[in-house]
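Here are the chains, one letter per residue:
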Amino acid sequence: MIERWSRDQVLSLAPDLPSQKAAQSVARPGKWPVTGVCAETHVVWGECQGSGAKPYLACVDLSEPAYRCNCPSRKFPCKHALGLLLHWSAGGVPDGGEMPPWTREWLDGRRERQAKAAAQAAVTTDTTTGTEADTDAGRQEAAARRAEQREQRVTTGLLELERWLTDQVRQGVAGTRAGGHAHWDDVAKRLFDAQAPGMAGAVARLGGTLAEDDWPSRLLGEYALLYLLAAAHRGQSALPGDLAASVRSRVGFTVTREEVLAGETVRDHWDVLGRRDEEQDRLTARRVWLRGRGTGRSALVLSFAPIGQPLDASLVTGATVDADLAFYPGASPLRALVAARHAPPYTEGPPAGVTMAEALTAVSDALAGDPWLESWPLVLSGVVPARDRGWLLADAATGEGLPLHRRTGAPWTLIAVSGGHPVTVAAEWTPRGLVPLTTWDDDGRVVLL
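Per chain, residues are indexed from 1 in the order of the written sequence. Under the rules for a predicted model, residues below a pLDDT of 70 receive no local features and side-chain atom pairs below 80 are neither given nor counted, while totals for whole chains, interfaces and linings still include all residues. Computation of side-chain values: all heavy atoms of the structure, hydrogens and water removed.

## Examining the overall build of the chain
Piece 1. Across its full length, the chain holds 13 helices and 15 strands.
Piece 2. Taking 449 residues into account, the globule formula puts the C-alpha radius of gyration at 22 Å, and the chain, at 25 Å, falls close to it.
Piece 3. Seen through its principal axes, the chain has C-alpha atoms that stretch 75 × 70 × 45 Å.
Piece 4. Within the chain, the proportion of its 449 residues that are buried is 44%.
Piece 5. Look at the contacts in the chain between residues 6 or more apart in sequence, and 63% of them connect residues 24 or more apart.
Piece 6. Here the accessible surface of atoms and residues is derived via Shrake-Rupley with a 1.4 Å probe, and residues count as covered only by protein chains that are part of the display. Looking at the chain as shown, the accessible area adds up to about 23,000 Å², and 52% of this sits on carbon and sulfur atoms.
Piece 7. Only four residue types enter the charge count: Lys and Arg as positive, Asp and Glu as negative, with His and the chain ends excluded. Note that the charge is assigned to NZ on lysines, CZ on arginines, CG on aspartates and CD on glutamates. If the 48 positive side-chain charges of the chain are averaged to one point and the 54 negative ones to another, these points end up 6 Å apart. Helix and strand labels come from DSSP, where a helix needs a run of H or I of at least four residues and a strand needs a run of E of at least two; each type is numbered from the N terminus. For the radius of gyration, the atom set is restricted to C-alpha positions; the globular benchmark scales as 2.2 Å times the number of residues to the power 0.38. Here's how the labels work: a residue is buried when its accessible area is under 20% of the maximum for its type, exposed when over 50%, partly exposed in between, all with a 1.4 Å probe on protein chains only. In this analysis, two residues are considered to be in contact whenever any of their non-hydrogen atoms come within 4.5 Å of each other.

Shown next as C-alpha cells:
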C-alpha cells in the first residue's frame, strides 16, 4: 500500500495558481469513473470524463513523479494529472486494479528510454587517433587562453568596482534615492562586459534596497559585502580552496553539472522541506530545500525555466527521498544536484527540528564560511507565531524569536494550524527575516505556508 500524499503536497506540484484551481475542478469523484493504483510500480492512473466523447487518460509515476496525459494542454503537469492526484490523496482511488495497456506502454517506454540514456552515459571510447589527440590538445590550449583572458577582464572589472564603491562611501548615499535604479545600471553593465555576471547581478539588485525603511544602512551593508567579495577575488590565491571556490562562484565563474556529478556524493534520507519560485531575468527560478535525516546536512536544489514553462517538480514537499546528492564546491556547501535515487519517495512526518538558539548557531556557522549567503534552511521545533512590533516565530518555551520577512505578511495559515500550540516549521532564513515554507498539523500532514 502506498502512503497517500496530502492535498497541499499535490497542489505544490502545480505550475501556477490557475492550474491549482483547474485541478480542483476536475478532482470530483464523478469525473473519474475508472481509476487505480499499483503498489508495485507506484503508478496511479485514471480516465477523466471531459466534454468530449472520449475520456482523458492520465497517469502519474509517484516514484519521481512523472506524468502522462493525452490532453492538449501545454502546462506540465496538466490539470488532469493534478486532479487525479487530488482525487487519490482524498482516498477516492482504490488500491489495486489491473493496469490498463496504455499505462503499461507509457511506463515501459519510460524505462526503455532511461536504460538507453544510462547506457549512452556509460559508453567510453579509447580509440582516439593521433590527429584527434592533436585536435583535442589544440582545443584545450584555446580554452586555457580564453580562461586567462577572462581572468584578466574580471580582475580589471572588479578593481574598477572597488574604486567606485570607495567613491560612493566617500560621497555619501544621501542622494542615491533620487537617481533610482539607474544609479547602478552603468556599473552593472560594465561588470557584465567584464564577464563577472554574478557581481553584475548583485549590483543590479541594489535598487531593491530603496524600498526598505532603513535603506541607507541596508545599502551600505550591501556595498561592504561587494567590496569584501572584490577584495577576496583579488587575493584568492591566499584563500583556502573551499573559500576560493565560494568567491569564484559569487563572482560568476560556473562549475559544470558534469564536474559536480563527478565529485563525491552524500547519501542520506533527504526531507524535502519546501520550495519557493521567483522570477529572475526572464527566468523562473525554483529553490527546493532539503535536509538529511542522518547527516543533518542542508541542501538547495535549483532549477530554471523560461517564464511560463514547466519547472522540475520531482521533489515533492513533505516527502523523504533516499538519494545521493552531489554538492557544488564552497566553504559552506549548500547547492546540490540529485545524483541518484535509491527508492521511491515516502512520507515520515515532520523532520526533527532545532531550538531557536541552535538555529542561530547554524546560521552563524554558515555565514562564517560564506559571508555572502542570502538564505539558509531551518527546521524550528516548538515555535508559535507571535506579534511584537511585527510578526515573528517565537520559541514557545523561552520566548526567543526571529522576525518574519515583511513580504510574507500575516501568517494566517500558520496561525490556524498552530492554534496557539507549538508546531514544527520549516523556514528559509534570509538577512531580512524568515520566510515560512512548511508546517505539519497534529496528524503529521504537510501544510504549505
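## Comments concerning the packing of helix α9 (residues 215-234) against helix α10 (residues 241-251)
Piece 1. Lines fitted to C-alpha atoms define the axes, with helix axes restricted to the stretch in contact, and inter-axis angles between N-to-C directions lie between 0 and 180 degrees. Contact geometry for α9 and α10: axes closest at 10 Å, N-to-C directions at 120 degrees. On the basis of the axis angle, α9 is oblique to α10. In the packing of α9 onto α10, the handedness of the crossing is left-handed. Taking contact as the criterion, the partners of Leu229, Ala232 and His233 in α9 are, on α10, Val247, Arg250 and Val251. When describing relative orientation, an angle under 35 degrees is termed roughly parallel and one over 145 degrees roughly antiparallel, while 65 to 115 degrees is termed roughly perpendicular and anything else oblique. Crossing handedness follows the turn of the near helix against the far one: under a right angle anticlockwise gives a left-handed crossing, and clockwise gives a right-handed one.

## Overview of helix α7 (residues 182-193)
Piece 1. Take the number of residues in a helix, subtract one, and multiply by 1.5 Å to get its expected span. Over its 12 residues, α7 extends 17 Å from the first C-alpha to the last, a length consistent with the 16 Å expected when each residue adds 1.5 Å.
Piece 2. Within α7, the full set of buried residues consists of Trp184, Val187, Ala188 and Leu191. For α7, the arc enclosing every buried residue in end-on projection is 105 degrees, short of the 170-degree limit, so these residues lie on one face. Opposite the buried face of α7, by more than 90 degrees, sit the exposed residues Ala182 and Lys189.
Piece 3. Of the residues trailing α7, Gln195 is marked for its positive phi of about 65 degrees. Throughout, the arc means that of the directions going from the helix axis to the C-beta atoms.

## Overview of the environment of Ala232
Piece 1. Relative to the helices and strands, Ala232 is located in helix α9.
Piece 2. Looking at Ala232, the relative accessible area reads 13%, which means it is buried.
Piece 3. Expressed as a C-alpha distance, the spacing of Ala232 and Arg248, which sit 16 residues apart in the sequence, is 9.2 Å.
Piece 4. Those residues in contact with Ala232 that sit more than four places away from it in its chain are Leu239, Val247 and Trp372.

## Some points on the confidence of the model for the chain
Piece 1. Overall, the prediction assigns the chain a mean pLDDT of 89, with 96% of residues at 70 or greater.
Piece 2. Scored from 0 to 100, pLDDT reflects the predictor's confidence in each residue. Low pLDDT, under 50, characterises residues 124-130; the stretch is placed with 2 contacts to residues that sit more than four places away or in other chains.

## A word on the packing of aromatic side chains
Piece 1. Ring pairs are drawn from Phe, Tyr and Trp, using the six-membered ring of Trp, whenever the two centres fall within 6.5 Å, and their geometry is named by plane angle: stacked under 30 degrees, edge-to-face over 60, tilted for the rest. For the coordinates displayed, the defined rule picks out 5 aromatic pairs.
Piece 2. Their ring planes at 85 degrees and their centres at 5.3 Å tell us that Tyr67 and Phe76 sit as a pair that is edge-to-face.
Piece 3. Classification of Tyr67 as buried rests on a relative accessible area of 9%.
Piece 4. With 6.2 Å between their ring centres and 50 degrees between their planes, Trp270 and Phe327 make a pair best called tilted. In this pair, Trp270 is assigned in strand β5 (residues 265-280) and Phe327 in strand β8 (residues 320-327), connecting sequence segments 57 residues apart.

## Quick look at the pairing of strand β2 (residues 43-48)
Piece 1. Taking burial as the measure, the 6 residues of β2 include 5 buried ones, the bulk of the element.
Piece 2. A strand pair is defined by DSSP finding two or more bridges across the two strands. Relative to β2, strand β1 (residues 34-38) is paired through 5 bridges, and the arrangement is antiparallel. Each bridged residue has a counterpart across the sheet, and for Val34 the counterpart in β2 is Glu47.

## As for the sheet that holds β5
Piece 1. Pairing within the open sheet is antiparallel, and its 5 strands lie in the order β7-β6-β5-β8-β9. Whereas interior strands pair on both sides, the edge strands pair on one side only; in this sheet they are β7 (298-306) and β9 (336-341). Within this sheet the neighbouring strands show an average axis-to-axis angle of 45 degrees, counted without direction.
Piece 2. The pairing of β5 with strand β6 (residues 283-292) spans 10 bridges and is classified as antiparallel. Bridging from a neighbouring strand, Arg275 pairs with Val288 of β6.

## Some points on the pattern of salt bridges
Piece 1. Within this document, salt bridges are pairs made up of a side-chain nitrogen of Lys or Arg and a carboxyl oxygen of Asp or Glu, the two lying within 4 Å of each other. What the rule picks out here adds up to 23 salt bridges.
Piece 2. The closest approach of N and O atoms between Arg248 and Glu151, which form a salt bridge, is 2.7 Å. Separated by 97 residues along the polypeptide, Arg248 in helix α10 and Glu151 in helix α5 (residues 130-171) bring together distant segments of the chain.
Piece 3. With a relative accessible area of 23%, Arg248 lands in the partly exposed category.
Piece 4. A salt bridge links Glu428 to Arg276, with the shortest nitrogen-to-oxygen separation between them at 2.6 Å. One end of the pair, Glu428, is in strand β13 (residues 423-430); the other, Arg276, is in strand β5, with 152 residues separating them in the sequence.

## Focus: the pairing of strand β4 (residues 66-69)
Piece 1. Relative to β4, strand β3 (residues 56-61) is paired through 4 bridges, and the arrangement is antiparallel. Considered in β4, the bridge of Cys59 is made with Arg68.
Piece 2. Taking the residues that link successive antiparallel strands as the turn, the β3-β4 hairpin has 4 residues.

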